[in-house]
Amino acid sequence: MIGIDLKNVEAGGLGVTHGIELEREYRAWADRLEGAVSDIFSRRDDPAEMLGWIGLPQAGAWVDEIESYAREVRQSDLTDLVVLGIGGSSLGALTVASALQHPYRALQARGDGLRLHFVDNVDPDAISGLMEVLDPSRTLVNVISKSGSTAETMAAYLAFKKWLEDDLGDGFSDRVVATTDPESGILRPLADRRGYRTFTVPPSVGGRFSVLSAVGLLPIALAGIDVRALLGGAARANDTVRRPIEENPIRQAALVQYLCYRRGKPISVLMPYSSRLRNLGGWFVQLWAESLGKAESLTGSLVHEGSTPLAAVGATDQHSQVQLFNEGPNNKLIAFVRVAEFDHRLNIPDSEPELEQLAYLAGESFNRLINAEQAATGHALAQHLRPNYTLLLERLDAASLGELLQFLMWQTALMGELTGINTYDQPGVELGKVYTYALMGRDGYDEVRAELEEQGLE
Ligand code: PA5
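Not measured: the values here are computed from a predicted model.

(A) Structural context of the sheet that holds strand 6 (residues 197–200). Taken together, five strands build an open sheet; the order of strands is 3-2-4-5-6 and the sheet is parallel. In this open sheet, the two strands that pair with only one neighbour each are strand 3 (115–119) and strand 6. The sheet shows a mean angle of 20 degrees between the axes of neighbouring strands, taken without regard to direction. The pairing of strand 2 (residues 80–84) with strand 3 spans five bridges and is parallel. From the neighbouring strand, leucine 84 faces strand 3, where its bridge partner is valine 119. Where helix 6 (residues 151–168) meets the sheet, its contacts fall on strand 2, strand 3, strand 4 (139–145) and strand 5 (176–180), and the angle it forms with strand 4 comes to roughly 160 degrees.

(B) Spotlight on helix 8 (residues 214–222). With respect to burial, helix 8 is a largely interior element, nine of its nine residues being buried. Buried within helix 8 we find Ala214, Val215, Gly216, Leu217, Leu218, Pro219, Ile220, Ala221 and Leu222. Following helix 8 by one or two positions, glycine 224 adopts a phi angle in the positive range, close to 85 degrees.

(C) Geometry of unusual backbone geometry. Note the cis peptide between glycine 314 and alanine 315, where omega equals 0 degrees. Positive phi is not limited to glycine here, since methionine 50 has a value of about 60 degrees. With respect to the secondary-structure elements, methionine 50 resides in the loop between helix 2 (22–43) and helix 3 (61–75). Looking at methionine 50, the relative accessible area reads 18%, which means it is buried. Phi is positive for leucine 385, which is not a glycine, with a value near 65 degrees. Relative to the helices and strands, leucine 385 resides in the loop between helix 13 (366–383) and strand 12 (388–395). Overall, the relative accessible area of 34% leaves leucine 385 in the partly exposed class.

(D) Here's a closer look at the pairing of strand 5. Among the five residues of strand 5, five are classified as buried, and the element is accordingly described as predominantly covered. Taking every second residue as pointing to the same face, both faces of strand 5 are buried, with Val176, Ala178 and Thr180 on one and Val177 and Thr179 on the other. In the sheet, strand 4 pairs with strand 5 via five bridges, with the strands oriented parallel. Directly across from valine 143, in strand 5, lies its bridge partner alanine 178. Since strand 4 and strand 5 lie parallel, the crossover through helix 6 that links them has a hand, and here it is right-handed. Of the strand pairs in this sheet, strand 5 and strand 6 are connected by four bridges, and their pairing is parallel. From the neighbouring strand, threonine 180 faces strand 6, where its bridge partner is threonine 200.

(E) Quick peek at the packing of aromatic side chains. This structure, assessed with the given rule, holds twelve aromatic pairs. Through pairs of rings, three or more aromatic residues link up here, namely Phe41, Trp53, Phe209, Trp410 and Tyr424. A cation over a ring is seen here: arginine 242 above phenylalanine 41, with NZ or CZ 3.7 Å from the ring centre. For arginine 442, the ring lying beneath its charged end belongs to tyrosine 437, and the centroid distance is 4.3 Å.

(F) The pattern of salt bridges, seen in detail. For the structure on display, the rule yields 22 salt bridges. We note a salt bridge from lysine 294 to aspartate 425, for which the minimum N-O separation is 3.0 Å. Of this pair, lysine 294 sits in strand 8 (residues 294–296) while aspartate 425 sits in the loop between helix 14 (398–419) and helix 15 (430–439); the two residues are 131 residues apart in sequence, bridging distant segments of the chain.

(G) Representation of the site of the ligand. In the vicinity of the ligand lie 13 residues, with Ser89, Ser145, Ser147, Thr150 and Gln286 positioned nearest. In the environment of the ligand, an oxygen atom lies 2.7 Å from a nitrogen or oxygen atom belonging to the side chain of serine 145. Between glutamate 290 and the ligand, the recorded distance is 2.9 Å, taken from a side-chain N or O atom to an oxygen atom. Burial of the ligand by the surrounding chains reaches 86%, relative to a free accessible area of 380 Å². Class assignment of the residues belonging to the shell around the ligand gives a composition of one nonpolar, nine polar and three charged.

(H) The arrangement of the nonpolar core in detail. Trp53, Trp283 and Tyr389 are the most contacted members of the largest nonpolar core, which has 96 residues in total. With twelve residues, helix 14 is the largest single contributor of residues to this core. Not counting chain neighbours up to four residues away, the residues in contact with tryptophan 53 comprise Ser204, Val205, Phe209, Gln406, Met409, Trp410, Ala413 and Tyr424.

(I) Up close: the side chain of asparagine 371. Along the chain, the position of asparagine 371 falls in helix 13. Judged by relative accessible area, which is 7%, asparagine 371 ranks as buried. Leaving out residues up to four positions away in the same chain, asparagine 371 has contacts with Arg338, Val339, Ala340 and Phe342.

Criteria and cut-off values
The numbering scheme is per chain: residues are counted from 1 as the chain's sequence reads. Given that the model is predicted, a residue must reach a pLDDT of at least 70 before its local features are reported, and side-chain atom pairs must reach 80 or more before they are shown or counted; all residues, however, enter totals for whole chains, interfaces and linings. As a convention, hydrogens and water are excluded, and side-chain values are obtained from all of the structure's heavy atoms. Should DSSP find at least two bridges between two strands, the strands are regarded as paired. By the criteria applied, helices consist of DSSP H or I runs no shorter than four residues and strands consist of E runs no shorter than two, each listed in order from the N terminus. Here an angle of 0 to 180 degrees is reported between the N-to-C directions of two axes, which are lines fitted to C-alpha atoms, with helices fitted over the stretch in contact. Any two residues whose heavy atoms approach within 4.5 Å are treated as being in contact. Relative accessibility decides the category of a residue: with a 1.4 Å probe and only protein chains considered, values under 20% of the type maximum give buried, values over 50% give exposed, and everything between is partly exposed. Note on handedness: a clockwise path from strand one over the helix to strand two, with the strands aimed away from the viewer, defines a right-handed crossover. Aromatic pairs are defined between Phe, Tyr and Trp rings, using the six-membered ring for Trp, whenever the two ring centres lie within 6.5 Å; interplanar angles under 30 degrees are classed as stacked, those over 60 as edge-to-face, and all others as tilted. A ring is considered to have a charge above it if a Lys NZ or an Arg CZ atom is located within 6 Å of its centre and within 35 degrees of its normal. A pairing counts as a salt bridge when a side-chain nitrogen of Lys or Arg comes within 4 Å of a carboxyl oxygen of Asp or Glu. Near is defined per residue: the residue qualifies when any heavy atom it owns lies within 4 Å of the molecule or strand. Each polar contact in these results corresponds to two N or O atoms within 3.5 Å; when the atoms are within protein, one needs to be able to donate a hydrogen and the other to accept it, and residues that are neighboring in sequence are counted only if both atoms are side-chain atoms. The Shrake-Rupley method, run with a 1.4 Å probe sphere, supplies the accessible areas, and residue values consider only the shown protein chains as cover. Basically, the charged four are Asp, Glu, Lys and Arg, the nonpolar ten are Ala, Val, Leu, Ile, Met, Phe, Trp, Tyr, Cys and Pro, and anything else, Gly included, counts as polar. Working definition of a nonpolar core: buried Ala, Val, Leu, Ile, Met, Phe, Trp, Tyr and Cys residues. They are joined through side-chain atoms within 4.5 Å.

In structure tokens:
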């Protein structure tokens, strides 16, 4: 189970302005959190509630299908997978693949699983560049869009379909696999017409909560990662969240996040001390921002809620953002992720014995150094009265990562309950989409286009 070390948020060390009296707050909030968790579990079978993410770790026949397709592809001569998707349709698989594949898989000619490439932007240079280096005859394209209509993803689909077709002719359709809603959107009927292999995103699972659905699991399985272990770890978080707060790191983290947010810490930093978890920050930022940043409360009052997420990586950002964290405004809560056992033990050799200034490093290990840096940074922050806590992973493997992802989804869900907003919608991104459609000349948007032109947009 993922552990939590909360000593650096305790009011005993930080004082009551910046710290939290944990025992007292646990007692005060235990019933509220118990109610929130029971309420979420009781609503989870109603598809309108968008709580389908909770049930994904139970797996089902859909996981067999993903595994058997991935096995087939991995036994073929395909070497590369291009994932076309944006936001929740991309960040989860990116996080897991970069954490669990060989750290330099893209540079290996042969290795476990396909090499993954994520097209999550409409940057002409990045797309052209990828097409220049990949061999279409060795590449599979997974187009992922729950709504089946996202402009960025569908533009990328049009480009990659042509790229494949130009090289492979009619045979290109075996090289496209589509992941989308069972019914809505244009991608499903398009895929059926073209004869693409398809996988389904359950309608009750929203994009940013979809990493453990076919959205994330298909690319993850194609990358050669054990999806069953990932789901098994996530199931552990589903068990943990039911426990009373005193023995429940998820409820504790959610409560600390909430109390800090309400008490002058509107910024929530996630800082794993692990290069392999570098992309976890991007996934968390999207999950936290899009879920919690809302104008209206559940009762319809204007509240403009939202804790602002920030991603950092240790030890790298000790030479960047940590200066701000220690001496800038005291408006952040910093959550570290610490891995106890790395896959490799790498000693620091005594290769410059005459340099006394480096003697403290020689004979030590990188393993000890990275975790000493984490502990030192947390302690220094606490000395500056900056609250911080640490999530503790035994090791970084599929099970612990699955547990961490589900942990952070639960933390987000509980934070949404406590702040009283709808965690699962995203009305704030709609207007920008409408303006884009209008500027791009989409049918039905002529009036908006005329308004925008009057204002000088083109
Ligand atoms: O979390 C979300 O709902 C969004 O970030 C979506 O994942 C993103 O907008 C992509 O949507 P779609 O999968 O419909 O293309």
